[in-house]
Amino acid sequence: MRFAEHLNFDQRRERITHQRLAAARDALVGYAVSHGRLPRPAASSRDGKEAEVPCSTDADCTGFIPWVTLGIDGVDGWWHLLRYSVTPALTGQEVQRDVVPNRTVARRLSNGDMVYVVGQDECSSALLCAPAVVFSTGKNNFGVSPQGLLQHPSTSDGTSIDELRNITASRNYISREKSTDAAAIGGSFDDLVVWVDVGRLLSSMDKTFQLRGK
């Protein structure tokens, strides 16, 4: 395959991934409006229905998008399962009006400092964080196939630090420019990260009387 053809192939895969991330985000809001809560993560990498056991901790509420439950494509353009992390309080049967979402997304500046894209160190009703985060692990590193097969890092020297942080996180995620430079601060990176907008989610649920409390 010639370089230009290879580039176009990757661009198409990335475009598909953006489309599927957007579809997943919309489906999550739609599910909340219909069911009064956000879904739990998938039961497993091979079972796209949401887990039957309630998730009450940040770690339990982190896994793969429940693609069967949502009726969406659960893989990105490289056929890796989309990752999903949701605020536990938003997965219960009665979501309260004063619920405080607790997922955050930060980006890394050129000097290595991290700044929040959404959320803060301490989430509160005044400083709202994201209800849920969905992300693709991209073409390289840490992808999991629908058969449950793990794609190990393409680097053996542990340079994809920010990507490793994303797959081990349960609350705080990183979204930054794509980089193939292993020497960059945070290492090489090609994750694609989106999140559910808290205003859109809660207002949509409120309009359909899905929130409890005053």
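My aim in this report is to walk through the structure given alongside it, one point at a time. (Residues numbered from 1 in each chain as written. Predicted model: local features only at pLDDT ≥ 70, side-chain atom pairs only at ≥ 80, totals over all residues. Heavy atoms only, no water.)

Digging into the overall build of the protein chain
Within the protein chain, the secondary structure is distributed over four helices and seven strands. Dimensions along the principal axes, computed over C-alpha positions, put the protein chain at roughly 60 × 35 × 25 Å. Taken across its 214 residues, the protein chain has 46% of its residues classed as buried. For the protein chain, the accessible surface area stands at approximately 10900 Å², while carbon and sulfur atoms represent 52% of it. Computed over 24 positive and 25 negative side-chain charges, the separation of the two mean positions in the protein chain equals 4 Å. (Helix = DSSP H or I, 4+ residues; strand = E, 2+ residues; numbered from the N terminus. Buried < 20%, exposed > 50% of the residue type's maximum accessible area, 1.4 Å probe, protein only. Areas by Shrake-Rupley, 256 points an atom, 1.4 Å probe, with all protein chains shown as cover. Lys, Arg positive; Asp, Glu negative; His and termini not counted. Charge placed at Lys NZ, Arg CZ, Asp CG, Glu CD.)

Re the sheet that holds strand β6 (residues 172-174)
Ordered by their spatial adjacency, three strands build an open sheet running β4-β3-β6, and the pairing between neighbours is mixed. Each edge of the open sheet is held by one strand with a lone partner, namely β4 (114-118) and β6. Looking at each pair of strands side by side, their axes are set apart by 40° on average, direction ignored. Looking at chain direction, strand β3 (residues 104-108) and β4 are connected through four bridges and run antiparallel. Following the sheet pairing, Arg107 is matched in β4 by Val115. (Pairing = 2+ DSSP bridges. Axes fitted to C-alpha atoms, helices over the stretch in contact; angles between N-to-C directions.)

Brief notes about the layout of surface pockets
The calculated volume of the second largest pocket comes to roughly 180 Å³. His18, Ser175, Arg176, Asp191 and Leu192 are the residues nearest the centre of the second largest pocket, which is lined by 13 residues in total. Going through the elements one at a time, α1 (3-35) and β7 (192-195) are the ones with two or more residues in the lining of the second largest pocket. (1 Å grid on protein atoms, 1.4 Å probe; cavity = no way out; pocket = protein on both sides within 12 Å on 5 of 7 lines; lining within 4 Å. Points joined across faces, edges and corners; volume = space filled by probe spheres on them.)

Some words on the state of the cysteines
Linking two cysteines covalently through their sulfur atoms gives a disulfide. For the structure on display, the rule yields two disulfides. Sulfur-sulfur distance for the disulfide between Cys123 and Cys129 comes to 1.9 Å. Residues Cys123 and Cys129 share a disulfide whose torsion about the S-S bond is about -100°; that sign makes it left-handed. Comparing Cys123 with Cys129, the two get one shared label, buried. (Disulfide = S-S within 2.5 Å.)

A closer look at helix α4 (residues 198-207)
Within the sequence span of α4, burial applies to Val198, Leu201, Leu202, Ser204 and Met205. On an axial view of α4, the arc spanned by its buried residues comes to 160°, and they lie on one face. The backbone nitrogen of Gly199 lies 3.2 Å from a side-chain oxygen of the residue at the head of α4, namely Asp197. (Arc of directions from axis to C-beta. Polar contact = N/O pair within 3.5 Å; in protein donor to acceptor, adjacent residues only side chain to side chain.)

A look at the sheet that holds β7
Think of a sheet as strands paired side by side through backbone hydrogen bonds, with each pair either parallel or antiparallel. The strand order across the open sheet built from four strands is β1-β2-β5-β7, with neighbouring strands paired in antiparallel fashion. The outermost strands of the open sheet, each flanked by one partner alone, are β1 (62-64) and β7. Adjacent strand axes in the sheet meet at a mean angle of 20°, parallel and antiparallel pairs treated alike. Of the strand pairs in this sheet, β1 and strand β2 (residues 83-86) are connected by three bridges, and their pairing is antiparallel. Paired with Gly63 across the two strands is Tyr84, which belongs to β2.

What to know about the pairing of β3
Where burial is concerned, most of β3 is hidden: four out of the five residues are buried. Taken together, β3 and the strand that follows it, β4, pair antiparallel across an intervening segment of five residues, in which Gly112 is found at a positive phi of about 100°.

Quick look at the packing of aromatic side chains
For any pair of aromatic rings, geometry is given as the distance between the ring centres together with the angle between the planes. Going through the model one piece at a time under the given rule, you end up with one aromatic pair. Measuring from centroid to centroid gives 5.7 Å for Phe135 and Tyr173, while their planes differ by 50°, and the two rings are tilted. On the criterion of sequence distance, the pair formed by Phe135 in strand β5 (residues 132-136) and Tyr173 in strand β6 is long-range, its members being 38 residues apart. Overall, Phe135 belongs to the buried group, its relative accessible area being 3%. (Phe/Tyr/Trp six-rings, centres within 6.5 Å; stacked < 30°, edge-to-face > 60°.)

Looking at the nonpolar core
Among the nonpolar cores identified, the biggest contains 35 residues, and Leu28, Leu38, Ile65, Tyr84, Val134 and Leu201 are the most heavily contacted of them. Among the elements that line this core, the one with the most residues is α1, at seven residues. Not counting chain neighbours up to four residues away, the residues in contact with Ile65 comprise Ala24, Leu28, Ala42, Leu70, Ile72, Gly74, Leu82, Arg83, Tyr84 and Val134. Core analysis: the next-biggest nonpolar cluster, separate from the first, contains eight residues, Val105, Ala130, Phe135 and Tyr173 among them. (Core = buried A, V, L, I, M, F, W, Y, C linked by side-chain atoms within 4.5 Å. Contact = heavy atoms within 4.5 Å.)

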